Amino acid sequence: MTKTTGADGDPPYLRIVAAIRRRIAEGELAPGDRVPSTRQIAREWGVALATATKALATLRLEGVVEARPRIGTVVAGTAPVAPARRRPSPVPDPEQELSLDRIVRTAIDIADTEGLSALSMRGVAARLGVAAMSTYRYVPSKDDLILLMADTAFGEESYPANAPEGWRSRIELGARTLWAVYHKHPWLAQIGSLTRPLLVPNLMVHGEWALRALDGHGLDPTQLFDIHVLLYSHVQGLAVHLEMEAHAEAATGQSEDQWMDSRAPALRELVESGRFPNFTKVVGAFEDGYDLRLDALFELGLKALLDGLTSIVEGREAVT
């Protein structure tokens, strides 16, 4: 039988389960209140995201908490009671309402709110309120589910039928559209690399847009595709850090600023060593420290890339 006392000998996830139960019993968390997410649990208790996920899954399986669409995980016990004089409506069977789209959308919601490391087939089933093996009737594995999630996420943004004038304007629109997708779903940047790209149709839509923008300028196929890959790597390469920072904050319990503050002695040692005069001069010129702004770096890098590529693209303009 599962322990509930939270004794020192319990595994970390059971101590978390016991603590959340205690908050509910004492009224700190009332029915319908949101319970801490996996990232909040990881930060508060100093555990890995996998441990936090296991704690929430245990509470769900015990009926202590439940998943609510577009709300998250809440304390159970708030289902409305049918009027006494009316015949209650039949409760729909979650198994009968299950569909591939619901599974994929639920998985995306978990990855968006709790990180890709919190995703599991069992966790998706628990969120949907169905048996653990039910999802396998629609998706054979977690890897297959992630590909479906990626395809769905990349398909949330599209392009206008009437493209802007000029290759540069089209590339800017394509890059900013992809950046918006990665901002909305930070985990996306973690699941594919340049050497092993994601071969899903809706990501190809973004690639097709970029290739069409560059076509017709006299570039040979290798040059054209190299430029496409270079531009994509700028977007995806910066987007990787959106999820990495969220994961690091959950794992360490420190924000970016707090982490940098904790490294102040190491930074001071580097500055005072005298070995890095240019680094010392630049860092010393910041009044309130350096603010790493990924959105600004994205725009700066995109402009620099397009400025540098202009002579290559326009210098070989095809004669029509």
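Among the residues making up helix α2 (residues 38-45), those that are buried are T38, R39, I41 and A42. Each buried residue of α2 sits inside an arc of 165 degrees when the element is viewed along its axis, so together they form one side. G46 lies just past α2 and shows a positive phi near 65 degrees.

With that settled, the discussion passes to the confidence of the model for the protein. As a note on interpretation, predicted positions should not be read in detail where pLDDT is low. Across the protein, the average pLDDT comes to 84, with 86% of residues at or above 70. Within the protein, no element has a lower average pLDDT than helix α4 (residues 94-97), which sits at 65, and none a higher one than helix α7 (residues 142-154), at 97. The model gives residues 1-7 a pLDDT under 50, and that stretch makes 12 contacts with residues more than four places away or in other chains.

What follows concerns empty space enclosed by the protein. Taking a probe equal in size to a water molecule and rolling it over the atoms shows the remaining empty space. The tally for this structure, following the rule as stated, stands at one cavity of 30 Å³ or more. Approximately 50 Å³ is the volume found for the largest cavity. Lining the largest cavity are T53, A57, R60, I110, E114, A118, G123 and R127. Those elements that place two or more of their residues in the lining of the largest cavity are α3 (49-61), α5 (100-114) and α6 (121-128). For the lining of the largest cavity, the element with the most residues is α3, which contributes three residues. A breakdown of the residues in the lining of the largest cavity according to their chemical character gives three nonpolar, two polar and three charged.

Take the nonpolar core next. In this structure, L145, M149, F154 and Y182 are the most contacted members of the largest nonpolar core, which totals 54 residues. Those elements giving two or more residues to this core turn out to be α5, α6, α7, α8 (167-184), α9 (201-214), α10 (221-252) and α14 (294-314). Per-element tally for this core: the top contributor is α10, with nine residues. Each residue touching F154, except ones within four places of it in the same chain, is listed here: L178, V181, Y182, L188, L198, V200, N202, L203 and H206. Counting residues in each nonpolar core, the second largest holds 16 residues, with L14, V17, V35 and A52 among its members.

In this structure, R60 sits in helix α3. An unpaired buried charge is present at R60: no salt bridge exists, and E114, the closest side chain of opposite charge, is 4.1 Å distant. The contact partners of R60, leaving out residues within four places of it in the chain, are V65, T73, E114, A126 and R127.

On to the pattern of salt bridges, then. Pairs may arise between side chains of opposite charge once their charged atoms sit close together. Per the counting criterion, the structure on display carries 12 salt bridges. Ionic pairing is found between R105 and D101, a salt bridge with its closest N-O pair at 4.0 Å. Linking R105 with D101, this pair stays in helix α5, spanning four residues, or about one helical turn. Among the residues examined, R105 registers a relative accessible area of 40% and is labelled partly exposed. The salt bridge involving E156 is made with R105; its shortest N-O contact spans 3.0 Å. Of this pair, E156 sits in the loop between α7 and α8 while R105 sits in helix α5, and the two are 51 residues apart along the sequence.

Rules of the game
Residues numbered from 1 in each chain as written. Predicted model: local features only at pLDDT ≥ 70, side-chain atom pairs only at ≥ 80, totals over all residues. Heavy atoms only, no water. Buried < 20%, exposed > 50% of the residue type's maximum accessible area, 1.4 Å probe, protein only. Helix = DSSP H or I, 4+ residues; strand = E, 2+ residues; numbered from the N terminus. Arc of directions from axis to C-beta. pLDDT = per-residue confidence, 0-100. Contact = heavy atoms within 4.5 Å. 1 Å grid on protein atoms, 1.4 Å probe; cavity = no way out; pocket = protein on both sides within 12 Å on 5 of 7 lines; lining within 4 Å. Points joined across faces, edges and corners; volume = space filled by probe spheres on them. Nonpolar A, V, L, I, M, F, W, Y, C, P; charged D, E, K, R; others polar. Core = buried A, V, L, I, M, F, W, Y, C linked by side-chain atoms within 4.5 Å. Lys, Arg positive; Asp, Glu negative; His and termini not counted. Salt bridge = Lys/Arg side-chain N within 4 Å of Asp/Glu carboxyl O.

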